[in-house]
Amino acid sequence: MSVLIAPSILSANFAALGEAIAAVERGGADLIHVDVMDGHFVPNLTIGPPVVTSIKQVAHVPLDVHLMIEEPDRYIEAFAKAGASMMSVHVEVLPHLHRTIHAIKALRVRAGVVLNPATPVVALEEIAADVDYVLVMSVNPGFGGQTFIERSESKVQDVRALLDRAGNRAPVEIDGGIDLENVARVVSAGARIIVSGSAIFHAPDPERATRELKAAALAAVMSPAR
Ligand code: DX5
Ligand code: ZN
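Residues numbered from 1 in each chain as written. Chains lettered and ligands numbered in written order. Predicted model: local features only at pLDDT ≥ 70, side-chain atom pairs only at ≥ 80, totals over all residues. Heavy atoms only, no water.

Describing the site of ligand 1
Step number 1: Surveying the vicinity of ligand 1 reveals 20 residues, the closest of which are Ser8, Gly142, Gly145, Asp175 and Ser198.
Step number 2: Here an oxygen atom of ligand 1 sits 2.8 Å away from a polar atom, N or O, in the side chain of Asp35.
Step number 3: With respect to ligand 1, the backbone of Gly142 contributes an N or O atom lying 2.7 Å from an oxygen atom.
Step number 4: Considered on its own, ligand 1 offers 380 Å² of accessible surface; in the complex 100% of this is hidden by protein.
Step number 5: Comparing atom positions with the cavity grids shows ligand 1 to sit within the largest pocket.
Step number 6: If you list the elements that add at least two residues to the shell around ligand 1, you get strand E2 (32–37), strand E3 (63–68) and strand E8 (191–196).
Step number 7: Counted by class, the shell around ligand 1 contains 7 nonpolar, 11 polar and 2 charged residues. (Near = heavy atom within 4 Å. Polar contact = N/O pair within 3.5 Å; in protein donor to acceptor, adjacent residues only side chain to side chain. Areas by Shrake-Rupley, 256 points an atom, 1.4 Å probe, with all protein chains shown as cover. 1 Å grid on protein atoms, 1.4 Å probe; cavity = no way out; pocket = protein on both sides within 12 Å on 5 of 7 lines; lining within 4 Å. Sits in = over half its atoms within 2 Å of the grid points. Helix = DSSP H or I, 4+ residues; strand = E, 2+ residues; numbered from the N terminus. Nonpolar A, V, L, I, M, F, W, Y, C, P; charged D, E, K, R; others polar.)

Laid out in structure tokens, this is it:
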């Protein structure tokens, strides 16, 4: 893996998800990022397993399912059956994070842990060796189209350093407010999975926006010094 682009369908037209997914796949999308919200952990409601099942039938790339829900243990099996290849859970909702991560892995799904902007990196300390990826939220979760929180750049570096100390080469994913202007900075900081919603799906041509974001991200991997 060098760097993967994961368009978030949250900002797509939900009445035409198949076309939206086909467009970003033509543009080089490596994953489809699916935002699941419950109206409790975050103040918004989105989609559940039946929609993921339908998406799985049309997508050619793996589905990266981001669970912004309370009690995710109740739903991980349903999302695995629906076709998730990757599933991430928020550290803020889980008193038994180790159990949940291993339950996701037991379903043969890659297991990720997510940190909200106000959650310190040290919250990962005891789980760093177990995770398949770490998602750093660079906005407060709940909505697309928010402004990138600048401090997230150094947080990506800190998460990368923590994973390295744990001997874990798992990638760092970043989600929230990523666009052509800031993607190089977060890649240089160590992000290797790039989620982007509104910068892709609110662009006039999502296929082209995906291609441009990917080119900018790959260029930053090739020339890490800035
Ligand atoms: C926010 C979601 C994000 C969102 C990103 O709660 O987790 O995945 O779709 O959208 P943008 O790129 O518009 O910030
Ligand atoms: Zn997300």
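Overview of the coordination of the zinc ion (ligand 2)
Step number 1: Coordination of the zinc ion (ligand 2) by the protein comes from His33 (NE2), Asp35 (OD), His66 (ND1) and Asp175 (OD), over a distance range of 2.1 to 2.3 Å.
Step number 2: Taken together, the 6 donor atoms coordinating the zinc ion (ligand 2) and their angles of 71 to 170° define a geometry best described as octahedral.
Step number 3: One chain supplies every donor to the zinc ion (ligand 2), and in sequence these donors are spaced H-x1-D-x30-H-x108-D. Asp35 matches His33 in its accessibility class, with the two residues each being buried. (Donors = N, O, S within 2.8 Å, 3.2 Å for Na, K, Ca; no water. Tetrahedral: all angles 85-135°; square planar, octahedral: opposite > 155°, others 65-115°. Buried < 20%, exposed > 50% of the residue type's maximum accessible area, 1.4 Å probe, protein only.)

Focus: the layout of surface pockets
Gaps left between atoms are located by rolling a probe of water-molecule size over the structure's atoms.
Step number 1: Taken as a whole, the largest pocket encloses approximately 350 Å³ of empty space.
Step number 2: Along the walls of the largest pocket sit 31 residues, with Gly145, Gln146, Gly176, Gly177 and Ile178 positioned nearest its centre.
Step number 3: Put simply, the parts of the chain that give the lining of the largest pocket at least two residues each are E2, E3, E8 and helix H7 (198–201).
Step number 4: Residues belonging to the lining of the largest pocket are distributed by class as follows: 11 nonpolar, 14 polar and 6 charged.
Step number 5: Of the voids in this model, the second largest pocket is the one considered here, and its volume is about 180 Å³.
Step number 6: Across the lining of the second largest pocket, the residue classes tally to 7 nonpolar, 2 polar and 4 charged. (Points joined across faces, edges and corners; volume = space filled by probe spheres on them.)

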